[in-house]
Amino acid sequence: LAIAALSGLASASACGSGERPATADPAAFRTELRVPPLLEPKPDRDGTRHFALTMQRGRSELLPGRPVETWGFNGPHLGPTIRAARGDRVRMTVTNRLAEASTVHWHGMRLPAKMDGGPHQMIEPGGTWSPHWTIDQPAATSWYHPHPHGRTAMHVYRGLAGMFIVDDGDTPELPSTYGVDDVPLVLQDKELAEDGSPTGDVLSGTFGLLGDRMLVNGVHAPFMTVRAERVRFRILNGSNARRYHLVFGDGRRFHVVGNDAGLLPAPVEVEQVSLSPGERAEVVVAFAPGEQVFLRTVAGGDDIDEGDFDLLKLVAAQRLTSSPRLPARLAAPAPIVVPANAGVRRFRLNGHDAINGKEMDLSRIDEVVPAGATEIWEIENTVYAHNFHIHEVAFQVLDVDGDKPAAYASGHKDTVYVPPKSTVRLVVKFGGFTDPVTPYMYHCHILRHEDSGMMGQFVIVEPGTESRVSRTIATPH
Ligand code: C2O
Ligand code: CU
Ligand code: CU
């Protein structure tokens, strides 16, 4: 409540959440939103697009005028946006200039396990890692972040995260001018000391850190000038634990056009979108000239979504450039059909440091999946809030305790919220890159849980070879 008062939303006619305190700081929301720069690739001789990332330390002002140490890619905080198209051959050069080993995982990318950047692809200080692959997946808003086992929460909290946009050119009517009407929003919460430095223990308590300072693209209390009638926001929950319920201060409705792993078949009109850590939503919002409205998150009555917070002030210019109408149909990937004899795997989440009673072990293969399979994964949560992310795949939510997911969340995804004491069933489509000795991960994306062992490993193998695969592999160190 104290922060809501500080961040000031006196004018909001709140969406069912009672009266708002008067603004204590009329000058709040006066720092312009930073839009992460697009990372310019260099073409290699053979046409491969080559992107260079350096993990480094730097100083940034999380609170204005109070520079503190943060970590970032190619800069002091967060990272540039990578944008590539389906069919592109890409090569990444990731250099680690931190004082400790880390990795970079391409969350949402469909690629061979050796290129995935999980805890088996460690980059030592001073070292470089150069994964390469051909982008072959539908248009989507993915992202990248470190994944060193036991250290992910801290590395992400310090600021290592960036967006990775995949274009597939099929829905040209959607706004797509980067930074103008196609704008990424990385949502993160922090606990900040008086001097502006991030504090708090990301590995303590049940969920790790839930901060009371909201940052968008690394900026606290930002404003953005809107210049087009419709803006597409690619929203990433890049927080360690917090779940957001996103609304506009005036309760306006907007359209969801995409989930984690692709567009929806048609825009879905909503007044609220919920995102747990690691999830993304693409939304399109309409604006009138000269108006102001806040993007905010409202409490949801769970442990990881406490508090109402204003996130971003949107200020529409007096003249807006006209935008095309929202298309009635979108270029969605084909629905994932459950095969008649679909295999079912069951995962039980209880406590916060194990799946099916087993703590993550880098040398143990938990699941062996035949290439190209479509399976049902059933996630049973016997305790408090968790979520579930699977590397490499796209899935759709079949049901949550027997109920279909909300229409806006029925598209292709790679991360899903698993409510307390409930069961989520997914239909999961696996890719075709086989490698019996290099695993992909599945885990809770509440980073404190992931780091303490709520993670497992699967390999994708030639169909028919499952029983011959070794369940023990070499570990990175
Ligand atoms: Cu976003 Cu396994 O990670
Ligand atoms: Cu991932
Ligand atoms: Cu969890």
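Residues numbered from 1 in each chain as written. Chains lettered and ligands numbered in written order. Predicted model: local features only at pLDDT ≥ 70, side-chain atom pairs only at ≥ 80, totals over all residues.

By the naming in an unreviewed UniProt entry, the chain goes by Multicopper oxidase CueO and is assigned to Nonomuraea thailandensis. As its UniProt record puts it under Subunit (unreviewed entry), the chain is described as follows: "Monomer." (UniProt positions renumbered as here; feature names shortened; annotations may be inferred.)

Turning our eyes to something else, we now look at the overall build of the chain. Within the chain, the secondary structure is distributed over three helices and 33 strands. Taken over the C-alpha atoms alone, the chain extends approximately 65 × 55 × 50 Å along its principal axes. A total of 477 residues make up the chain; the buried ones form 48% of that total. A separation of at least 24 residues holds for 76% of the contacts in the chain among residues at least 6 apart in sequence. (Helix = DSSP H or I, 4+ residues; strand = E, 2+ residues; numbered from the N terminus. Buried ≥ 20, exposed ≤ 12 C-beta atoms within 10 Å, placed from the backbone. Contact = placed C-beta atoms within 7 Å.)

Moving on, we come to the sheet that holds strand E1 (residues 31–32). With mixed pairing, six strands are arranged side by side in an open sheet as E1-E16-E24-E23-E18-E21. Only two strands of the sheet have a single neighbouring strand rather than two, namely E1 and strand E21 (273–275). Looking at chain direction, strand E23 (residues 292–297) and strand E24 (residues 309–321) are connected through six bridges and run antiparallel. Bridging across to E24, Val293 finds its partner in Leu314. (Pairing = 2+ DSSP bridges.)

Quick look at the domain arrangement of the chain now. Domain annotation for the chain reports domain 1 (2–21 + 173–321), domain 2 (42–167) and domain 3 (344–464). Between the C-alpha centres of domain 2 and domain 3 the distance comes to 23 Å. Across the contact, 16 residues belong to domain 2 and 16 residues belong to domain 3. The residue inventory of the side of domain 2 that touches domain 3, partitioned by class, reads six nonpolar, six polar and four charged. (Domains from an automatic or database assignment. Nonpolar A, V, L, I, M, F, W, Y, C, P; charged D, E, K, R; others polar.)

Taken in spatial order, the five strands make up an open sheet running E26-E33-E32-E28-E30, and their pairing is mixed. Because the sheet does not close on itself, it has two edges, and the strands there are strand E26 (367–370) and strand E30 (415–418). The mean inter-strand angle of the sheet, taken between neighbouring strand axes irrespective of direction, is 25°. Sheet topology places strand E28 (residues 386–390) next to strand E32 (residues 440–443); two bridges connect them, and they run antiparallel. Looking across to E32, one finds that Ile390 is bridged to Tyr442. (Axes fitted to C-alpha atoms, helices over the stretch in contact; angles between N-to-C directions.)

Attention now moves to the pairing of strand E6 (residues 89–96). Only one face of E6 is buried: it carries Val90, Met92, Val94 and Asn96, and the other face, with Arg89, Arg91, Thr93 and Thr95, is open. Inspection of the sheet shows strand E3 (residues 49–63) paired to E6 by seven bridges, in the parallel sense. Counted as the bridge partner of Leu53 is Val94 from E6. Taken together, the three bridges between E6 and strand E9 (residues 132–134) define a ladder with antiparallel strand orientation. Within E9, the position partnered with Arg91 by the bridge is His132. Where E6 meets strand E8 (residues 128–129), two bridges bridge the pair, whose relative direction is antiparallel. Within the sheet, the bridge partner assigned to Thr95 lies in E8 and is Thr128.

Within the UniProt annotation, "domain: Plastocyanin-like" (unreviewed entry) is assigned to residues 57–169 and 351–461. Helix makes up 6% of residues 57–169 and strand 42%, and the two end C-alpha atoms of the span are 36 Å apart. With 5% helix and 42% strand, residues 351–461 has end C-alpha atoms that lie 31 Å from one another.

Considering every residue of the chain, the mean pLDDT works out to 94; 94% of them sit at 70 or more. Every residue in residues 1–24 scores below 50 in pLDDT, and together they form 44 contacts with partners more than four places removed in sequence or on other chains. Two numbers describe this predicted complex: its pTM, 0.94, and its ipTM, 0.99. (pLDDT = per-residue confidence, 0-100.)

Here we take up the nonpolar core. Core analysis: the largest hydrophobic core is formed by 116 residues, its most contacted members being Ile235 and Val283. No other element matches the six residues that E24 contributes to this core. Leave out the neighbours within four places in its chain, and Ile235 touches Leu185, Leu187, Leu246, Leu275, Arg280, Ala281 and Val283. (Core = buried A, V, L, I, M, F, W, Y, C linked by C-beta atoms within 7 Å.)

With that settled, consider the environment of Arg49. Looking at where Arg49 falls in the secondary structure, it is placed in strand E3. With 85 residues separating them along the chain, Arg49 and Thr134 place their C-alpha atoms 9.9 Å apart. Once you skip the residues sitting within four places of it in the chain, Arg49 turns out to touch Pro41, Pro43, Ala84, Asp88, Arg89 and Val90.

So, about unusual backbone geometry. If you check the backbone angles, Ala221 has positive phi at about 55° while not being a glycine. Here Ala221 shows up in the loop between strand E15 (219–220) and strand E16 (222–228). Even without glycine at this site, Asn356 takes up a positive phi of about 50°. Structurally, the position occupied by Asn356 is in the loop between strand E25 (344–349) and E26.

Relative to the assigned elements, Val104 resides in the loop between E6 and strand E7 (105–107). Val104 sits in the buried class, given 27 other C-beta atoms within 10 Å. Through-space distance from the C-alpha of Val104 to that of Ala161 is 9.1 Å; in sequence the pair is 57 residues apart. Leave out the neighbours within four places in its chain, and Val104 touches Leu53, Val94, Gly117, Tyr144 and Pro146.

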